[in-house]
Amino acid sequence: MVSYVINNGPRPVAPATRERVLAAIKELGYRPDRVAQAMASRRTDLIGLIIPDARQSFFGEMAHAVEQAASERGKMVLVGNTDYVGEREVHYLRAFLGMRVSGLILVSNALNDLAAAEIEAWDARVVLLHARPEGIDDVAVVTDDLGGARLAVRHLLEHGHEYVACMGGTAQTPEVGDPVSDHVEGWRSAMAEAGISTEGRLFEALYSRYDAYQAALKILSGPDRPPAIFCSTDDQAIGLLRAARELRIDVPGELAVAGFDDIKEAALADPPLTTIASDRSAMARAAVDLVLDDGLRVAGARRERLKVFPSRLVVRQSCGCA
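Right, let's walk through the structure included here. Everything quoted here is computed from the prediction, not taken from an experiment.

### Side note on empty space enclosed by the protein
This structure, assessed with the given rule, holds 1 cavity of 30 Å³ or more. In this model, the largest cavity occupies a volume close to 210 Å³. Looking at the lining of the largest cavity, the elements that each hand over two or more residues are helix H4 (57–72), helix H8 (179–193) and helix H10 (234–246). If one sorts the elements of the lining of the largest cavity by residue count, H8 sits on top with 3 residues. Looking at the lining of the largest cavity, its residues break down into 10 nonpolar, 7 polar and 4 charged.

### Things to note about the sheet that holds strand E2 (residues 76–81)
Here we have 6 strands laid out as an open sheet, ordered E2-E1-E3-E4-E5-E11, and parallel in their pairing. If you trace the sheet from one side to the other, it starts and ends with E2 and strand E11 (307–309), each paired once. Between one strand and the next, the sheet's axes are offset by a mean angle of 15°, whatever the strand orientation. Where strand E5 (residues 139–143) and E11 come together, 3 bridges link them in parallel fashion. By the bridge assignment, Val-142 is partnered in E11 with Val-308. Strands in contact with H4 are strand E1 (46–51), E2, strand E3 (103–106) and strand E4 (126–129); relative to E1, the strand with the most contacts, it is inclined by about 170°.

Rules used in this analysis
- Residues numbered from 1 in each chain as written.
- Predicted model: local features only at pLDDT ≥ 70, side-chain atom pairs only at ≥ 80, totals over all residues.
- Heavy atoms only, no water.
- 1 Å grid on protein atoms, 1.4 Å probe; cavity = no way out; pocket = protein on both sides within 12 Å on 5 of 7 lines; lining within 4 Å.
- Points joined across faces, edges and corners; volume = space filled by probe spheres on them.
- Helix = DSSP H or I, 4+ residues; strand = E, 2+ residues; numbered from the N terminus.
- Nonpolar A, V, L, I, M, F, W, Y, C, P; charged D, E, K, R; others polar.
- Pairing = 2+ DSSP bridges.
- Axes fitted to C-alpha atoms, helices over the stretch in contact; angles between N-to-C directions.
- Contact = heavy atoms within 4.5 Å.

Quick look at the structure:
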């Protein structure tokens, strides 16, 4: 009877009986044994969240949003950082699945075969968030990365620049299913739409601010400095702004800049960064709802559960707008 009250089922309890049980629980200071409950149900109140690097603002903000959404559903979140290393991704997959988490939310730009096999072997509840890597066909919650990049590049071109260069990823960035690849493709699309060549105007850079800063020093010191640059992430853009300031290049007077992600620091950049935003809180809530959905693994339902959140342009000063 007590378990029916604590767990709200599976059998109904009369209101008067429920009140007596709740009063006794309060008087005795009873706390449910979560370990025992997990052993009985073979599932915990935990959600596993695997991300590339919580030190990067975007992923840190996304992890916080997932934690808040999970808390609203009475769940706790375990977080694993892969540092973009496939072996670490497999390590956390095995560890979290072995803990019988209620589900996994996976932020991965390149799922390797071993990781995909682990998910298949455990028949795990998995929701992809932010990226849709090749090799796995589970439900996904993503941003309109392609459309967002087009918005940013079109906006820079509307300022009258001859062309817009792009700071993309690296040679290791997956060509399919990765947001940065979509940002680069969106840049190409907007440039083609305007009848402008992209030849020689795509620059490689890692995603951290420091690595982008180092890459930007070389780009901006060259003989053919671009009049405008679209960066695939805000962290890259912030690193580029630091390099421009160090080289005494006026932004936006001599160089216009736009990013992607709208992390909180974007508004505090010097100058404040024009960027592309999406509703991370709503995306996190959708991912949590999906991973806790009992119908998640129903055959034929996966494609219908793809959720694409719209992108929107956030205009600040780095592009040349007042």
